[in-house]
Amino acid sequence: MHLSPTLRISLLFLVIAIAALFFADIAITTANPWRDLGRFFLGVATPDFFSTEGLATALLRTVAFAFVGVALGSACGFLLSLIYRFYPVRIFCAFIRAIHELFWALIFLQFFGFHPLTGVLAIAIPYSGIFAKVYSEILDEADPGPARLLPPGTGIISTFLYTRIPDCWVQLRTYTAYRLECGLRSSAILGFVGLPTLGFYLETSFSQGLYSQAGAMLILFYVLIATIPLWVKPKLLPVYILGAPFFLGDGMPIVWGNVARFFTQDIIPAPLRDGEGLTELGAWFSDLMLTEALPGIWNTLLLTQIALVATGILTLLAFPLISNHFGGPIRRTSGHVFLVIARSTPEYILAYILLQLWGPSMLPAVVALALHNGGIIGHLIGRQTNTIQLRPDAPTGYRRYSWELVPRVYRSFLAFLFYRWEIIMRETAILGILGIYTLGFYVDSAIQQIRFDRAMVLILITALLNIGIDILGRYIRRKLALQTMPTC
Amino acid sequence: MSGFELSGLTASFDGERVLGPLSLDVREGERVALVGKSGAGKSTLIKLIHDRVDGHASLVPQDLGLVNGLPVFHNVFMGQLDAHPAWYNTVTLVRPFRKDKEAVKSLLRELGMVDKFWTPAASLSGGQRQRVAVARAIYRNANLLLADEPISALDGPLAHLVMKALSQRFATSVIALHDVEIALAYATRIVGIQDGQIALDESSDRLSAADIMPLY
């Protein structure tokens, strides 16, 4: 039987995910999951905006951390993008973006403590790596023609400013604005490790069962993100960027002794620190690999593959919701609302909520990852189908879906999916902090036990795993000749 | 340097020779019109000359080379980026100096485009874009003009306006032209290109349109 390469790769991933399901723990362990879910939705339906004065401060801090972090990341990323053609720079950027914001935050917390710098750097560092890559891709696309016409003797700065920047200005701006939205999500979840942003208050309300309070926070967060075009104006940007550092809060002062100790003692593998030999180091390392790293890698891979396929299935189910080729305006509007909520909620918050309701297993994580990523890709694919013109006598209903639309968008669907593969894995690892046995779980436990040497090795392994998946995803996309834009 | 003596000019595309080998000497004060069928090698010859004089010429390429994101003023100002330090050019990007604005404005007035001073190049029509590229070449103020079909998108009166402005500014020039009448009217020497070779090289006052037609 002849199968097209795209179909073959899809079936392969489907089979892997089904096999992974047999090894994965996907039980619902709470006694009354549906009642809790009902109470949560009731809370969202009856939001309480005035219960705590902390809410306004939390929102302000969330915005402030996002602005400072993204602005710093964008500036550093831009500088890095200018030298991105050098191989060591590429490796460096791949490495810093392979480590999730929350991992960075966990690292900085150990020596900066609850200082605003922790939150700012946790966003700025991985974002620098992402900005450097995408900016350099955008700048490479600029038309080289005008630069060749300049009089000989024109300086490189003038050449760059006149012929490269104006040509890509719109793309640079669009991408940076998109990243600002991501930055708001990142900033919100930093609260889960104790920084004074939205996640902190969300966790507090949830753990006390104050669902109306939690609902109010979520609603305000959606409003904040949905109204970005209204309150983020080019003219106001300098005001925001210069003003934001003053709204980060004071936190705790940095104890520089801790910083020195962290680098000179804490992260040195224990056997070396205690002056034991190389055999001890070998035993330490193999113990770490066998008891933590390998189980963590295994679970991370299982969850990633299941979540990837679940995302794909959800995308294919969800894109008709906003497609012009089906249904009426009412269905499409509610479809838009569903997809906006799905993609605006950080997967970490979704997973946290579902975990509270269903108990710890991989199921909440799979659903959270599928909802968030399916929301993003479903939105993009749905919008793409709206540009398709069908012949007047094209079939309707399911036949239109399966014969006319899916075949037309399937390649870009796969492109987006493989693009997000690495992102899904990065999130999967981090969800371990919530108690699922992925790499993040072992990182978090090691930190709780104040064994930073082990935590650092595990974070390093996570980063390498991400880089590996990124390379594999890019290889598959190139092999299948799948094109995608960076804003996804 | 305004004239040039070039020999051994050749160009290949995909391993197939499309131009030359040929030699071309242009003396100071000569206005050369390159004529010939499209695909004969005129554009290639213009590009080759531009390379061989190391960019020391005002160039109007066929694709114009405008920066779409910048307004007309900046696209013209780019002709003199080498005349100012980087800080001056950077400030100009945000807030141009009065004397540069005046200079560019009077040039655009001459080309009938002063109302488009701040219009982004992306939203100009084909003929307007062509005049911006011409204005940039004039503002560049090199001793030699190389232009590839600079009036292909302009109708009668505007075509003459541009050709007049170019002949006033540049004593020495090599311009590829489609329009034989215009070539005879503005050039001092006609060079006809056919199959990558020079098939005709004659002073323009000794030629008529009928002499050139066999090239097409």
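Quick caveat: nothing in here was measured; it's all calculated off a predicted structure.

1. Topic: the packing of helix 2 (residues 33-45) of chain A against helix 17 (residues 347-358) of chain A
Residue and element names in this part refer to chain A.
- As a packed pair, helix 2 and helix 17 sit with axes 8 Å apart at the nearest point and diverge in direction by 135 degrees. Between helix 2 and helix 17, the interaxial angle falls into the category oblique. Only Ile-353, Leu-357 and Trp-358 of helix 17 make contact with helix 2, whose side of the interface consists of Pro-33, Asp-36, Leu-37 and Phe-40.
- Considered class by class, the residues forming the contact of helix 2 with helix 17 number 6 nonpolar, no polar and 1 charged.

2. What about the sheet that holds strand 5 (residues 144-148) of chain B?
All names here are of chain B.
- The sheet built from 6 strands is open, its strands ordered 4-5-6-3-7-8 with mixed pairing. Looking at which strands have only one partner, the edges of the open sheet turn out to be strand 4 (58-60) and strand 8 (197-203). On average, adjacent strands in this sheet sit at an angle of 15 degrees to one another, irrespective of strand direction.
- For strand 3 (residues 31-35) and strand 6 (residues 172-176), the ladder comprises 4 bridges, and the chain directions are parallel. The residue of strand 6 that forms the bridge with Val-32 is Val-174.
- Its contacts with the sheet place helix 5 (residues 126-140) against strand 4 and strand 5, and it is angled at close to 175 degrees to strand 4.

3. What to know about the domain arrangement of chain B
All names here are of chain B.
- We note that the domain assignment places domain 1 (1-57 + 143-216) and domain 2 (68-141) within chain B.
- The interface of domain 1 with domain 2 comprises 12 residues on the first partner and 10 residues on the second.
- Counting residues per element, the ones that place at least two in the side of domain 1 that touches domain 2 are strand 5 and helix 6 (156-169).
- Split into classes, the residues belonging to the side of domain 1 that touches domain 2 amount to 11 nonpolar, no polar and 1 charged.

4. Observations concerning the UniProt feature "domain: ABC transporter" (unreviewed entry) in chain B
- Following the UniProt record, one finds the feature "domain: ABC transporter" (unreviewed entry) at residues 4-215 of chain B.
- Between the C-alpha atoms that bound residues 4-215 of chain B the distance is 25 Å, and the span itself is 37% helix and 25% strand.

5. Quick word on the interface of chain B and chain A
- On the chain A side, the residues contacting the 22 residues of chain B number 17 residues.
- No other element matches the 4 residues that helix 3 (residues 86-94) of chain B contributes to the side of chain B that touches chain A.
- The residue inventory of the side of chain B that touches chain A, partitioned by class, reads 9 nonpolar, 9 polar and 4 charged.

6. Overview of the pairing of strand 6 of chain B
Residues and elements named next belong to chain B.
- Among the 5 residues of strand 6, 5 are classified as buried, and the element is accordingly described as predominantly covered.
- Side chains Thr-172, Val-174 and Ala-176 of strand 6 all project onto a buried face; the interleaved residues Ser-173 and Ile-175 project onto the opposite face, where all are buried too.
- When strand 5 meets strand 6, the two strands line up parallel, connected through 5 bridges. Bridging across to strand 6, Leu-146 finds its partner in Val-174.
- In this fold, strand 5 hands off to helix 6, which returns the chain to strand 6; that crossover is right-handed.

The rules behind the values
- Residues numbered from 1 in each chain as written.
- Chains lettered and ligands numbered in written order.
- Predicted model: local features only at pLDDT ≥ 70, side-chain atom pairs only at ≥ 80, totals over all residues.
- Axes fitted to C-alpha atoms, helices over the stretch in contact; angles between N-to-C directions.
- Helix = DSSP H or I, 4+ residues; strand = E, 2+ residues; numbered from the N terminus.
- Parallel < 35°, antiparallel > 145°, perpendicular 65-115°, else oblique.
- Contact = placed C-beta atoms within 7 Å.
- Nonpolar A, V, L, I, M, F, W, Y, C, P; charged D, E, K, R; others polar.
- Pairing = 2+ DSSP bridges.
- Domains from an automatic or database assignment.
- UniProt positions renumbered as here; feature names shortened; annotations may be inferred.
- Buried ≥ 20, exposed ≤ 12 C-beta atoms within 10 Å, placed from the backbone.
- Right-handed = clockwise from strand over helix to strand, strands pointing away.

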